[in-house]
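# Notes for the structure review
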Amino acid sequence: MSKRISLADEQRYRYLQSKTRRHFLKQCTTGLGALALGGMMGCQKSTDLQAPSHGMENLLRQVPHFAPKAKRIIYLHMAGAPSQLELFDYKPELAKLDGKDCPQSLLEGKKFAFIQGIPKMLGPQAVFRPRGECGMMVSDNLPHFSTIVDEVSLIKTMHTDEFNHAPAQLLLQTGSPRLGRPSMGSWVTYGLGSENEDLPGFMVLVSGGNTPDAGKSVWGSGFLPSVYQGVQCRSEGDPVLYVTNPSGMNGSLRKQTIDAINRINEKEYQEFGDPETLTRISQYEMAYRMQTSVPEVMDIKDEPAYIHEMYGTEPGKTSFANNCLLARRLIEKGVRFVQLFDWGWDMHGVAERESLDKGLTIKCKPVDQAMTALVKDLKQRGLLDETLVVWGGEFGRTPMQENRGGREWPYKGRDHHTEAFPIWMAGGGVKKGFTLGETDEIGYYGIKDKVHVHDLQASILHLMGMDHEKFTYFAQGRDFRLTDVSGKVVHKLFA
């Protein structure tokens, strides 16, 4: 039977554990070996990187490598991967092959998520027309977007290394298909800081009924200090979980509580020197300021009626339209990076809501209206030139009809496709009414101006004034960057 000790004795014991050589040598032999090995391999963090007294100074002091074309980003990620062949990539030759067996050359050596055996080719399930003065081919699924094509740069030849949703989303948003890397928004906030000390520099809004397949890691901070992770907001209920005071606690008492907690954290940092303690202090202080700033910026009821009509917003509900309007309000308040995730674009054809001829059409309507309204609203407010808007999914869809289980399904759908998919950008220094890249006659391969995911990341950082090769963070024994060891800036996109 173990002997019980008093709290005073336990406190003294814990103190001695942290101070005595005997405890250190007994418990930390493996750590000593790792330290020695790291020293021999030169894995030491630069001594000139001193932690500030509070994390907020680090959020506000950063400068870019060179003059940026964009000051802020709104990234609209359509989780599930919209079909380029029903939206942006017009392929009349594919229509002629509809219903025919897929050529073996398109299957050999390829990996698909669900296709088995010999699938049938599937022609476009939408009508395309040239739009705007630039003549960009866009389908009837996007009638609102068709009115702003002269503001947009469309990349038709994006390609990726991953054919499943979670790894592909991670690769696109963090530069790696595996967990543990910082997200793009975290990198940008780490590099440039925030323009408003009362709001996080990186905020996230989710719609469609689910979070992305990769979970919250796609807006996590990875090995960066956690003060740089995305803060998820909601357009229904409390804008941020626990932002309101508990019952019986007013603002003054909450401030006293936070001050007391941070005095303890200050002592903890002075004793152990852990920089994450500084992050914790900053987060408590930010949380207190957010109690006033967040409810104000997240309340869209005071927007004029014509704005609600333009976006299709409904105050008090969770929707992509509400999130687009909130994104505009957030960047107006100085938020550096606003990330929207809209779930439900995975059109495999195994049910009506996942069909290209019905489900995709329904899914497009509110998103088409809201994303178009966002670009128009930013332009009419003089914000578009300094705000980069990015839209796209994590990969594309196959020119073949999905035959999950080796059989045809009653609805039209396409499998995951890594070789070609679309991304469009507007504002923030990109060309207007411009299309980059060409795919082959059926939309299978990119044949001109291919753009890898790392190239997109390098280009986004460049527009924000950051050299992706010099923009690094020391972790786990080496320097890391968003683009890993790859990526080239796509200068053809820039105005």
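Criteria and thresholds
- Residues numbered from 1 in each chain as written.
- Predicted model: local features only at pLDDT ≥ 70, side-chain atom pairs only at ≥ 80, totals over all residues.
- Heavy atoms only, no water.
- Phe/Tyr/Trp six-rings, centres within 6.5 Å; stacked < 30°, edge-to-face > 60°.
- Helix = DSSP H or I, 4+ residues; strand = E, 2+ residues; numbered from the N terminus.
- Buried < 20%, exposed > 50% of the residue type's maximum accessible area, 1.4 Å probe, protein only.
- Lys NZ or Arg CZ within 6 Å of the ring centre and 35° of its normal.
- Salt bridge = Lys/Arg side-chain N within 4 Å of Asp/Glu carboxyl O.
- Axes fitted to C-alpha atoms, helices over the stretch in contact; angles between N-to-C directions.
- Parallel < 35°, antiparallel > 145°, perpendicular 65-115°, else oblique.
- Contact = heavy atoms within 4.5 Å.
- Nonpolar A, V, L, I, M, F, W, Y, C, P; charged D, E, K, R; others polar.

In this structure the tally under the stated criterion is 17 aromatic pairs. Considering the side-chain rings of Y190 and F471, the 5.9 Å spacing of their centres and the 10 degrees angle between planes classify their relative orientation as stacked. In this pair, Y190 is assigned in helix α7 (residues 184-192) and F471 in the loop between α13 (453-463) and β16 (473-475), connecting sequence segments 281 residues apart. Each member of the pair, Y190 as well as F471, is classed as buried. Geometrically, the ring pair formed by Y190 and Y473 is edge-to-face, given 5.4 Å between the ring centres and 85 degrees between the ring planes. Here Y190, found in helix α7, pairs with Y473, found in strand β16; they are 283 residues apart in sequence, far enough to count as distant. Looking at Y473, the relative accessible area reads 13%, which means it is buried. Members of the aromatic cluster, each reached through a chain of ring pairs, are W187, Y190, F223, Y228, F471, Y473 and F480. The aromatic ring of W409 is capped on one face by R407, whose charged end is 3.9 Å from the ring centroid.

A separate point is the pattern of salt bridges. Counting across every chain of the model gives 28 salt bridges. Among the ionic pairs, K492 bridges to D449, the shortest N-O distance being 2.8 Å. With K492 in the segment after β17 (478-480) and D449 in the loop between β14 (446-448) and β15 (451-452), this pair connects stretches of sequence that are 43 residues apart. The network of salt bridges with common partners includes D302, E303, R328, R329, E332, D377 and R381.

Here we come to the packing of helix α6 (residues 165-174) against α13. Following both chains from N to C, one finds α6 and α13 inclined at 30 degrees, their axes separated by 8 Å at the closest point. As summarised for this structure, α6 and α13 are arranged roughly parallel, according to the angle between their axes. Between α6 and α13, the contacting residues are L171, L172 and Q173 on the first element and V453, H454, L456 and Q457 on the second. Residue composition of the contact of α6 with α13, grouped by class: 4 nonpolar, 3 polar and no charged.

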